[in-house]
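Structure assessment
For reference, the chains in residue letters:
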Amino acid sequence: MLNDGDGAFYGPKIDFDVTDAIGRKWQCATIQLDYQMPQRFDLKYVGADNTEHRPVVIHRAIFGSFERFIAILIEHYAGAFPLWLAPVQAIVLPIADRHAQYAAEVRSALAAAGLRVELDERHEKIGYKIREAQLQQVPYMLVVGDREAAGRTVSVRTRRGGDQGSSPVAGFLAKAADEIARKVVGP
């Protein structure tokens, strides 16, 4: 499609536009031929025919500006990234200090399996920790207390669905791995 009035001043270009969550169009990727800059800088090369030629510069921006691409992505998901894309995929929340060692073991097991996981060791009430994780849009909160430590399980909570019940660590890992592999949009 021709785009009259566009800023393609120095050669033909191809733009890839995206529409954001509220219907605005944004130019993201672009590839453009530039005949002007090689001429202005008097660029030349010797070709296979042993004569001088003027090169053509190819400008490309795969995401447009990376910042614009990330802004559109954040806006699209309203900050609540799906598990496969979330910067922090899960957070382990010990209820009390006596659960810290088991919580650290859980965090280590999840990290070893490739999840981006954090451990909240702050001396705060569990309700406060859960609320903070929800506000940070962490997809999964894994609460550990006496029962979980004794049974080697975690109490799984999602940022929107609340309490999902108890699960063995390996069971949670299998579910998370499946969700990531299928690129599920959200928990």
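Relevant structure appears above.
The sections below set out a description of the structure shown in this document. Keep in mind that this is a model prediction, so the values were computed, not measured.

Moving on, we come to the nonpolar core. Counting residues in each nonpolar core, the largest one holds 18 residues, and the members touching the most others are Val92, Val106, Leu110, Leu142, Val154, Val169 and Phe172. Not counting residues up to four positions away in its chain, the partners in contact with valine 154 are Val106, Leu142, Val143, Val144, Glu148, Gly165, Ser166, Ser167, Val169 and Phe172. Judged by nonpolar contacts, the second largest core, of 7 residues, contains Leu93, Ile130, Val138 and Met141.

This brings us to unusual backbone geometry. Although it is not a glycine, alanine 78 sits at a positive phi angle of roughly 55 degrees. Along the chain, alanine 78 falls in the loop between helix 2 (66-77) and strand 6 (90-94). We note that glutamine 137 has phi near 65 degrees; this positive angle belongs to a residue other than glycine.

What follows covers the packing of helix 3 (residues 100-112) against helix 6 (residues 169-181). Close contact between helix 3 and helix 6 brings their axes to 11 Å; oriented N to C, the two are set at 35 degrees. At the point where helix 3 passes helix 6, the crossing takes the right-handed sense. Here helix 3 contributes Tyr102, Val106, Ala109 and Leu110 to the contact with helix 6, which in turn contributes Val169, Phe172 and Leu173. Of the residues in the contact of helix 3 with helix 6, the class split is 7 nonpolar, no polar and no charged.

Conventions and cut-offs
Throughout this document, residue positions are counted from 1 along each chain, in the order its sequence is written. Only residues with pLDDT of 70 or above have their local features reported here, since the model is predicted, and side-chain atom pairs are shown and tallied only from 80 upward, although totals for entire chains, interfaces and linings are computed over all residues. Side-chain measures were taken over the full set of non-hydrogen atoms in the model, leaving aside hydrogen atoms and water. We define a nonpolar core as any set of buried Ala, Val, Leu, Ile, Met, Phe, Trp, Tyr and Cys residues linked to one another through side-chain atoms lying within 4.5 Å. When a residue's accessible area, from a 1.4 Å probe over protein chains only, is under 20% of the maximum for its type it is buried; when over 50% it is exposed; and in between it is partly exposed. Here, residues are in contact when the closest pair of their heavy atoms is within 4.5 Å. Helical segments are the DSSP runs of H or I of at least four residues, strand segments are the runs of E of at least two, and each set is numbered from the N terminus. A fitted line through C-alpha atoms represents every axis, and for helices the fit uses only the stretch in contact; the resulting angles, taken between N-to-C directions, go from 0 to 180 degrees. Left-handed describes a crossing whose near helix is turned anticlockwise from the far helix by less than a right angle; the clockwise case is right-handed. For this scheme, ten residues count as nonpolar: Ala, Val, Leu, Ile, Met, Phe, Trp, Tyr, Cys and Pro. Four count as charged, namely Asp, Glu, Lys and Arg, and the remainder, Gly too, count as polar.

Geometric values such as these leave the question of function open.
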